[in-house]
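The chain contents come next:
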Amino acid sequence: MRNGLMTSKIGSILMGAIGMTMVAGSAGMWSFAQEGGGLPEGFKKSELVNLPSAEMIEAGKRVYFTKCVWCHGVEGAGDGPAADRLWPRPRNFNQGTFKIRHTASGELPLFDATKPVAGQNDLFETVTHGLPGSAMPPWEGILSEEQRLQVLSFVTSQLVKDRKFDDKASETQTVLDLAGLKATPANKESIDKGAQLVVDKKCVECHGTDGRGDGNAFNLKDDWGFSIQPADWHKCWNFRGSRRDPYNVKNIFRTFSTGLNGTPMPSFADSTSVEERWHIANFVNSLCERDSEGNPLPIDPLTDKPKINFVIPSFSVEGDISDDPENDMWAKQGRRYVAMGGQITHKPRNFVNRIDDLWVKSLYNDKDVVFLIQWDDRTKSVAETKLPWEPTEVNLDQYGVKEQDPKTGEESSIAGHQNKYTVYNDAVAFQFPVKWQEIPPPFKPRYLWGDQKFAADIMKWEADGSIRAFTGTGWDQDFEARDDFNEKITIMKSEWKNGRWTLMVKRPLKGEYEEDTQFDMGKYIPIVFFAWDGHNGDAGRKMAVSAFYYTFLQPPIPREVYIYPLVIGVGVILLEGWVLTRRANKRRGKVL
Amino acid sequence: MKGILYLGALVGGVAVLLLVSMVLGIIPPETVRLVEGYMPMQMVFELACFVAGFTAISYLLGAAGTPMPRFWQGILFWVFVWVYLKFRVYPPIPFSVRAMYGTVSLVAVFMWMSSNEEDWKKFRQPILNVLDAQTGFHRAIRTLALILLPIIIGGFSFLSMKPSSEEPIELRTVHPAPPASTKVHGKTYVLQTSQNPYRVNSEGKYDQEFSNARIVEQSMGRLMKSDANPWDPKAEGYLKYVREGGEIFFQNCHFCHGDNLNGRGLHAFAFNPIPANFTDPGTIAQLQETFIFWRVSKGGIGLPNEAFPWASVMPPWEQHLTVDEIWKVVLFEYWHTGYYPRTWD
């Protein structure tokens, strides 16, 4: 029964794959394969490698059934127990379709069980470094080099069912000679050329005008019919092929040259020269988020994401605060990266959070504090009709906001479901403990909307243009509206442009009521961020959430800070005099 | 003998060059990466290289007739300790701890320098020379030191007094004292006497010996025993329950605790504290199975205050899973990490 199902599934997938091939072929992407003549520029012919030994395969089976089966499934069809709640869905090995390769579009990836060399063994590198932005972790340090080669021997020979890695009759190896190519320096000229080329080559149709993956994001499907989204060029640490070296332009050059098999990302090997590809890669690489001096962000090797600083400083300014993020008073302040994970504590859990970070800045003057929050969201989502629930409601089960069931099968899995949700409002909220001055650190009200003992002061903005203030008293307690405060908070700017939201909100430093958070200078005030992507079906507790951060109103430097070090310096000079005198006296035979 | 010394000096010299150029960013800092899992071995090996190098270099310099003065040996060694702790060790050690190590190594250097009268004199001599300033060179150094010292100390105190917005350090108890009993889905479980109903032998009796013989092996990779595959279609009893527990784990828990149970799941990067690493010998290997049952059932919200319940995103799993499912997940976690639950006796 199971086998029957499998066969029919593979059959339908094959049909799909053939369809894709024809479409791709007609677009001229695979033309070199048909013409058989010249290789695309930068590529060289290579020989197929012999299959790994039977011992390697048998040893690999043991690795597979300890570590991999849970996601990739018993038959390697990407249907393990975890699969239905994952997006991207785990790889289905059966068709031999692999994304990250040095080989030409449509070809099998490089794998040699005897040669774990970077640049010559695509699958080994994938297992070693993982696929960032997906659930595939780096296995380096967990599995030994030999174990990684063993498990790949098993996967490539037993679980890739439709193709054979040593089938000389139907397989070829045309390898991108990355080591032999000289990179074009990433100077302004090259980057400018790249900026023009991504328009000429229609990259922006999918990846968006600013490269935030917001182009044709909604109609894209992979070979298996699962929705797939174009990469956001501003988050290179999420590139699947980043090999834990996200700012390395070679990775982009490789992906652009070979394409990603099984996805709508084609190879541009035939339609671009090597030099053009370097220009494009340099341009794409230049878009990845950097610090204020233009240096790559430090990446935390434990998470492969930018390093986190949990303090969000707010700087004091005289007079009115500008509502233009490009204004000098904003531009000169550093921003903070706020990491966002899915809310996976209480139902409905959000297994796929499409907003995985926010960038935050803050300024304050004598009356107000202003937060500038920017985040990438491929879709601007505003509910078409009035939402059926009240803004204060948090338990939205009855309105159909539900979490993904664990075992649904491919069709209704989370990957099959993406982009079919009812569209709600994009939204962002943040909370402070109301009485933070009275709570002895490190105590805090619970990160998820406070608790009975300590209430949370919540400010929520929604894409329909509303901003509201609430009091939260628990994860499952409906908010209490604070109408008096609603009047005092203002949206200074809210704009969605080319895949990025910019939101600027203002609130008074001091409120007049019991339930208002009072901001003091030089104190660490806990803050938690929440974000909803309306096209992800996010509403209520189905959202992205941050850890506790701290807002810190930077006070002007007090006078003592200048005086005491001077006093200390003078003290040291006196001490020096004493030591020298004593030494001189001792040498003269006098003891003081 | 001399050959070995030259080799040692070469190794040490290259190691120092590598370390310094990685610190200064001349070559990429990940040229020689610390890899998790190999890290302790790697660090011991590196230190051995450095020690061999230092010994050999100082011996060879001595043999060549230009011995390095005691004074500089001591200072350089101490500087090396600081640089290594600050730039090499990962995850970074907080300043307070580094200051402690630095003080200890300073004391060690002093003991080394003052182990006998002659050495102590040699160590002291350069300092006294500068104080006495008999030559032009020493006078210049003395003047320089007299001017720089107040500036450095004053500047340092200015920097430390300047209001900065460093993250407040909050220490959290990772394994708080458990309650005597816990009530899950209407039934009370006494932690001292409860047992995992799925930790059974082929006769269906509770049997830790039996299950201990079937967990993964404690070696690199932690692979299953070749005759104990939970995915064998014929697997029954304990191994079948392990598989069922694994299915629940990979439908619910891996998002934070990771595919390898090491706390590096898909959402882990966003959370603080980061999710528990079960492969670390300091977590489930230290605890009783019923403790895990309590932690899983009640989640972060059920923690006592010393463990920061407000910051934990750990769900109270009784909201999502049945009691049976929770026991199976606990069973799987011990199987997959290759640890035994601690017993009460």
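Residues numbered from 1 in each chain as written. Chains lettered and ligands numbered in written order. Predicted model: local features only at pLDDT ≥ 70, side-chain atom pairs only at ≥ 80, totals over all residues. Heavy atoms only, no water.

1. A few points about the overall build of chain B
Logical step 1: A tally of regular secondary structure across chain B gives 11 helices and two strands.
Logical step 2: The C-alpha atoms of chain B give 28 Å as radius of gyration, which overshoots the globular expectation for 345 residues (20 Å, by more than 25%).
Logical step 3: Its C-alpha atoms give chain B principal-axis dimensions of about 90 × 55 × 40 Å.
Logical step 4: Out of the 345 residues belonging to chain B, those deemed buried represent 44%. (Helix = DSSP H or I, 4+ residues; strand = E, 2+ residues; numbered from the N terminus. Rg over C-alpha atoms; globule rule 2.2 N^0.38 Å. Buried < 20%, exposed > 50% of the residue type's maximum accessible area, 1.4 Å probe, protein only.)

2. Re the overall build of chain A
Logical step 1: For chain A, the helix and strand inventory stands at 13 helices and 18 strands.
Logical step 2: On the principal axes, the C-alpha backbone points of chain A span a range of 90 × 85 × 50 Å.
Logical step 3: Burial analysis of chain A (592 residues in total) assigns 56% to the buried set.
Logical step 4: Contacts in chain A between residues far apart in sequence, at least 24 positions, make up 68% of those at least 6 positions apart.
Logical step 5: Surface accessibility of chain A: about 25000 Å² in total, with carbon and sulfur atoms responsible for 53%.
Logical step 6: Side chains of chain A carry 73 positive and 80 negative charges; the gap between the two charge centres is 6 Å. (Contact = heavy atoms within 4.5 Å. Areas by Shrake-Rupley, 256 points an atom, 1.4 Å probe, with all protein chains shown as cover. Lys, Arg positive; Asp, Glu negative; His and termini not counted. Charge placed at Lys NZ, Arg CZ, Asp CG, Glu CD.)

3. Quick word on the domain arrangement of chain B
Logical step 1: The domain architecture assigned to chain B consists of domain 1 (2-161) and domain 2 (181-337).
Logical step 2: Domain 1 of chain B and domain 2 of chain B are separated by 46 Å when their C-alpha centres are compared. (Domains from an automatic or database assignment.)

4. Topic: the pairing of strand S2 (residues 187-190) of chain B
Residues and elements named next belong to chain B.
Logical step 1: Bridging between strand S1 (residues 181-184) and S2 involves four bridges; their strand directions are antiparallel. Bridge pairing links lysine 183 to threonine 188 in S2.
Logical step 2: Connecting S1 to the next strand, S2, in antiparallel fashion are two residues, including histidine 185 with a positive phi near 50°. (Pairing = 2+ DSSP bridges.)

5. Quick look at the nonpolar core
Most often, soluble globular proteins have nonpolar side chains that are buried together.
Logical step 1: Formed by 176 residues in total, the largest nonpolar core has its most connected members in Tyr64, Leu358 and Phe529 of chain A together with Trp335 of chain B.
Logical step 2: In contact with phenylalanine 529 of chain A, other than residues within four places in its own chain, are Ile312, Val338, Met340, Leu358, Val360, Ile373, Ala429, Phe430, Ala544, Val545 and Ser546 of chain A.
Logical step 3: Core analysis: the next-biggest nonpolar cluster, separate from the first, contains 12 residues, Ala15, Phe80, Tyr84 and Ile93 of chain B among them. (Core = buried A, V, L, I, M, F, W, Y, C linked by side-chain atoms within 4.5 Å.)

6. Regarding the interface of chain A and chain B
Logical step 1: Between chain A and chain B, the contact holds 85 residues from the first and 78 residues from the second.
Logical step 2: Contact between chain A and chain B buries roughly 7000 Å² in total, counting both sides, with carbon and sulfur atoms accounting for 65%.
Logical step 3: Between chain A and chain B we count three salt bridges in total.
Logical step 4: The residue lysine 444 of chain A makes a salt bridge to glutamate 170 of chain B at a minimum N-O spacing of 3.0 Å.
Logical step 5: The tally of links from chain A across to chain B stands at 28 residue pairs in polar contact (both at pLDDT 80 or more).
Logical step 6: Every element with two or more residues in the side of chain A that touches chain B is listed here: helix H3 (54-72), strand S5 (311-316), strand S6 (336-339), strand S7 (341-342), strand S18 (549-553) and helix H13 (560-587) of chain A.
Logical step 7: Considering every element that reaches the side of chain A that touches chain B, the biggest residue donor is H13 of chain A, with 14 residues.
Logical step 8: A per-class count over the side of chain A that touches chain B returns 49 nonpolar, 17 polar and 19 charged. (Buried area = accessible area lost by both parts, 1.4 Å probe. Salt bridge = Lys/Arg side-chain N within 4 Å of Asp/Glu carboxyl O. Polar contact = N/O pair within 3.5 Å; in protein donor to acceptor, adjacent residues only side chain to side chain. Nonpolar A, V, L, I, M, F, W, Y, C, P; charged D, E, K, R; others polar.)

7. Re the state of the cysteines
Residues and elements named next belong to chain A.
Logical step 1: What the rule picks out here adds up to one disulfide over all chains.
Logical step 2: The residue that forms a disulfide with cysteine 236 is cysteine 288, at a sulfur-sulfur distance of 2.1 Å. Given an S-S torsion of about -70°, the disulfide between cysteine 236 and cysteine 288 has left-handed geometry. Here cysteine 236 is found in the loop between helix H7 (203-207) and helix H8 (249-258), whereas its partner cysteine 288 is found in the loop between helix H9 (274-287) and strand S3 (299-300), with 52 residues between them in sequence. (Disulfide = S-S within 2.5 Å.)

8. As for the packing of helix H1 (residues 2-24) of chain B against helix H3 (residues 70-88) of chain B
All names here are of chain B.
Logical step 1: Running from amino to carboxyl end, H1 crosses H3 at an angle of 55°, the nearest separation of the two axes being 11 Å. On the basis of the axis angle, H1 is oblique to H3. Remark: the crossing between H1 and H3 carries left-handed chirality. Across the interface between the two elements, Leu19, Met22 and Val23 from H1 touch Phe80, Val83, Tyr84, Phe87 and Arg88 from H3.
Logical step 2: By residue class, the composition of the contact of H1 with H3 is seven nonpolar, no polar and one charged. (Axes fitted to C-alpha atoms, helices over the stretch in contact; angles between N-to-C directions. Parallel < 35°, antiparallel > 145°, perpendicular 65-115°, else oblique. Left-handed = near helix turned anticlockwise from the far one by under 90°.)

9. A word on helix H6 (residues 188-200) of chain A
Two residues of an α-helix separated by three or four positions point the same way, owing to the 3.6 residues in each turn.
Residue and element names in this part refer to chain A.
Logical step 1: End to end, H6 covers 18 Å across 13 residues, agreeing with the expected 18 Å (1.5 Å per residue, within 8%).
Logical step 2: Burial in H6 covers these residues: Ser190, Gly194, Leu197 and Val198. Burial along H6 is one-sided: seen end-on, the buried residues are contained in an arc of 100°. In this structure, H6 carries Lys188 and Glu189 as exposed residues pointing more than 90 degrees from its buried face.
Logical step 3: The elements touched by buried residues of H6 are H7 and H9.
Logical step 4: At the C-terminal side of H6, lysine 202 shows a positive phi close to 65°. (Expected span 1.5 Å × (residues − 1). Arc of directions from axis to C-beta.)

10. Concerning the confidence of the model for chain A
Logical step 1: The predicted model of chain A has a mean per-residue pLDDT of 90, with 93% of residues at 70 or higher.
Logical step 2: Between residues 1-36 of chain A, whose pLDDT stays under 50, and residues either more than four places distant or in other chains, the model counts 33 contacts. (pLDDT = per-residue confidence, 0-100.)

11. A closer look at helix H8 (residues 238-252) of chain B
Logical step 1: The first and last C-alpha atoms of H8 of chain B sit 21 Å apart over 15 residues, in line with the 21 Å expected at 1.5 Å per residue.
Logical step 2: When you tally the buried positions in H8 of chain B, you get 13 out of 15 residues, the bulk of the element.

12. What to know about the pattern of salt bridges
Logical step 1: In the structure shown here, the tally under the stated rule is 34 salt bridges over all chains.
Logical step 2: Between glutamate 462 of chain A and lysine 460 of chain A there is a salt bridge; the shortest N-O distance is 3.8 Å.
Logical step 3: What makes glutamate 462 of chain A buried here is its relative accessible area of 10%.
Logical step 4: Between glutamate 244 of chain B and lysine 328 of chain B there is a salt bridge, and its shortest N-O distance comes to 2.7 Å.

13. Here we look at the packing of aromatic side chains
How two aromatic rings sit relative to each other is given by the distance of their centres and the angle of their planes.
Logical step 1: Taken as a whole, this structure holds 53 aromatic pairs over all chains when the rule is applied.
Logical step 2: Ring geometry for tryptophan 78 of chain B and tryptophan 82 of chain B: centres 6.1 Å apart, planes at 80°, overall edge-to-face. With a gap of four residues between them, tryptophan 78 of chain B and tryptophan 82 of chain B both fall in helix H3, about one helical turn apart.
Logical step 3: Taking 5.9 Å as the distance between ring centres and 40° as the angle between the ring planes, the aromatic pair formed by phenylalanine 80 of chain B and tyrosine 84 of chain B counts as tilted. Within this pair, phenylalanine 80 of chain B and its partner tyrosine 84 of chain B are both found in helix H3, separated by four residues, close to a single helical turn. There is no split in this pair, since phenylalanine 80 of chain B and tyrosine 84 of chain B are both buried.
Logical step 4: The cationic tip of arginine 482 of chain A hangs over the ring face of phenylalanine 485 of chain A; the distance from NZ or CZ to the ring centre is 4.5 Å. (Phe/Tyr/Trp six-rings, centres within 6.5 Å; stacked < 30°, edge-to-face > 60°. Lys NZ or Arg CZ within 6 Å of the ring centre and 35° of its normal.)

14. A closer look at the side chain of aspartate 533 of chain A
Residues and elements named next belong to chain A.
Logical step 1: Tracing the backbone shows aspartate 533 in the loop between strand S16 (524-532) and strand S17 (544-545).
Logical step 2: Reaching out from aspartate 533, the side chain makes a polar contact with the backbone nitrogen of histidine 535 at a distance of 3.1 Å.
Logical step 3: Residues within four places of aspartate 533 in sequence aside, it is in contact with Arg354, Ile355, Asp377, Thr379, Ser381, Asp426 and Asp538.

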